Amino acid sequence: MSLKLAIFLALACVAACQAVSPKISSRLHESIVSSHDAKHNIFVSMQGGISHALSGVVSQQFKTRASRSTAVYSALRLNAQQSQKEVLALLAKDSSVKVKSFWISNQVYIQGAKQDLIESLAALEQVSKIEEEAIHHINPPVSSVRVPKRDTSTLAPEWHLHTLRVPEVWAAPWGSNGTGVIVGVIDTGVRASHEAIRDQYVNDGHSWRDPYNQYRVPTDIYDHGTHVAGSVVGR
């Protein structure tokens, strides 16, 4: 290779790098460079996110929690419909990709996007950034031991609750011990039969959903979500 050719290729590489849209994350750009014909799973974020939509709700007064929740839902849905309009219109022209719109975060997930589509998305004014999907794997549990049911009525609060002075909060006039509060855990799942949480599960037919493995009953093949649920509501 001649010196002139080497210099020309180096300058061409620099020019190409400089031409990359700042909206495309460095990680995604590296994936594109490593294989120009590859397909990528990406998240497209919209300008303004959800802050503007929520600011209009925060400034209002609501008589009930339900009315406030409805207002938040409506504002976020409308915000997504308006800001994602151009992106979804562009994606509708490409039948090779799978698309999922998320109104709660004002993002669009695209499965199987090629370089030319990614660059076209980055050129849209409403798009703020484009990132490659990151998948993190959890190590399976080392062992699992079934423990017999305990009588929780006579158990004292765990040591960490005393360290955090939680009993003082429970006893305070303005305090709360969680009575009547329902919480949800988004994790690897939950084993509802676990001795620490089986009496806490709200089994109303609407409190469990598994979008990945489609288990019909609360299941946790990694035990991570069960641990988290136990930290939240375990007895």
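Worth saying up front: this structure is predicted, and the values here are computed from it rather than measured.

Engineer: Explain the overall build of the protein to me, please; I cannot follow it from the model alone.
Structural biologist: Counting its secondary structure elements, the protein contains nine helices and four strands. In sequence order, the secondary structure elements of the protein are arranged as α-α-β-α-α-α-β-β-α-β-α-α-α. Counting all 235 residues of the protein, 23% fall into the buried class. Intrachain contacts of the protein at a sequence separation of at least 6 include 70% that bridge at least 24 residues. When the accessible surface of the protein is totalled, it reaches about 17200 Å², and 56% of it is carbon and sulfur.

Engineer: Looking at this model, I keep getting lost on the environment of Val57. Mind explaining?
Structural biologist: Here Val57 shows up in helix α3 (residues 51–58). Among the residues examined, Val57 registers a relative accessible area of 5% and is labelled buried. Between the C-alpha atoms of Val57 and Ala75, which are 18 residues apart in sequence, the distance is 7.5 Å. Sequence-distant contacts of Val57, that is, excluding residues within four places in its chain, are made with Phe62, Ala71, Val72 and Ala75.

Engineer: Just to check I follow, could you spell out helix α2 (residues 26–34) for this structure?
Structural biologist: Think of an α-helix as 3.6 residues a turn; residues three or four steps apart then line up on the same face. Of all the residues in α2, the buried ones are Leu28, Ser31 and Ile32. Buried positions in α2, seen along its axis, are confined to an arc of 100° and lie on one side of it. Within α2, the exposed residues directed more than 90 degrees away from the buried face are Ser26, Glu30 and Ser34. Residues of α2 that are buried make contact with β1 (40–46), α6 (115–122) and β4 (127–132).

Engineer: Please explain unusual backbone geometry as it appears in this structure.
Structural biologist: A positive phi is found at Arg165, a non-glycine position, where the angle reads about 60°. Along the chain, Arg165 turns up in the loop between α7 (159–163) and α8 (166–171). Of note, Gln214 is a non-glycine position whose phi angle comes to about 65°, a positive value. Mapped onto the elements, Gln214 comes out in the loop between α8 and α9 (224–233). Overall, the relative accessible area of 55% leaves Gln214 in the exposed class.

Engineer: Looking at this structure, how should I read the packing of α3 against helix α4 (residues 65–83)?
Structural biologist: When two helices pack together, you describe them by how their axes are tilted relative to each other and by the distance separating the axes. For the pair α3 and α4, interaxial distance at closest approach is 9 Å and the crossing angle is 150°. Between α3 and α4, the interaxial angle falls into the category roughly antiparallel. At the point where α3 passes α4, the crossing takes the right-handed sense. In this structure, α3 contributes Ala53, Leu54 and Val57 to the contact, and α4 contributes Ala71, Val72, Ala75, Leu76 and Asn79. In the contact of α3 with α4, the residues fall into seven nonpolar, one polar and no charged.

Engineer: Is there a simple way to explain a nonpolar patch on the surface in this structure?
Structural biologist: Judged by side-chain polarity, Ile138, Tyr215, Ile221 and Tyr222 come together as a nonpolar surface patch covering roughly 350 Å² of accessible area. Topologically, Tyr215 is positioned in the loop between α8 and α9.

Calculation criteria
- Residues numbered from 1 in each chain as written.
- Predicted model: local features only at pLDDT ≥ 70, side-chain atom pairs only at ≥ 80, totals over all residues.
- Heavy atoms only, no water.
- Helix = DSSP H or I, 4+ residues; strand = E, 2+ residues; numbered from the N terminus.
- Buried < 20%, exposed > 50% of the residue type's maximum accessible area, 1.4 Å probe, protein only.
- Contact = heavy atoms within 4.5 Å.
- Areas by Shrake-Rupley, 256 points an atom, 1.4 Å probe, with all protein chains shown as cover.
- Arc of directions from axis to C-beta.
- Axes fitted to C-alpha atoms, helices over the stretch in contact; angles between N-to-C directions.
- Parallel < 35°, antiparallel > 145°, perpendicular 65-115°, else oblique.
- Left-handed = near helix turned anticlockwise from the far one by under 90°.
- Nonpolar A, V, L, I, M, F, W, Y, C, P; charged D, E, K, R; others polar.
- Patch = residues over 30% accessible without salt bridge, like charges linked within 9 Å, V, L, I, M, F, W, Y side chains within 5 Å.
- Salt bridge = Lys/Arg side-chain N within 4 Å of Asp/Glu carboxyl O.

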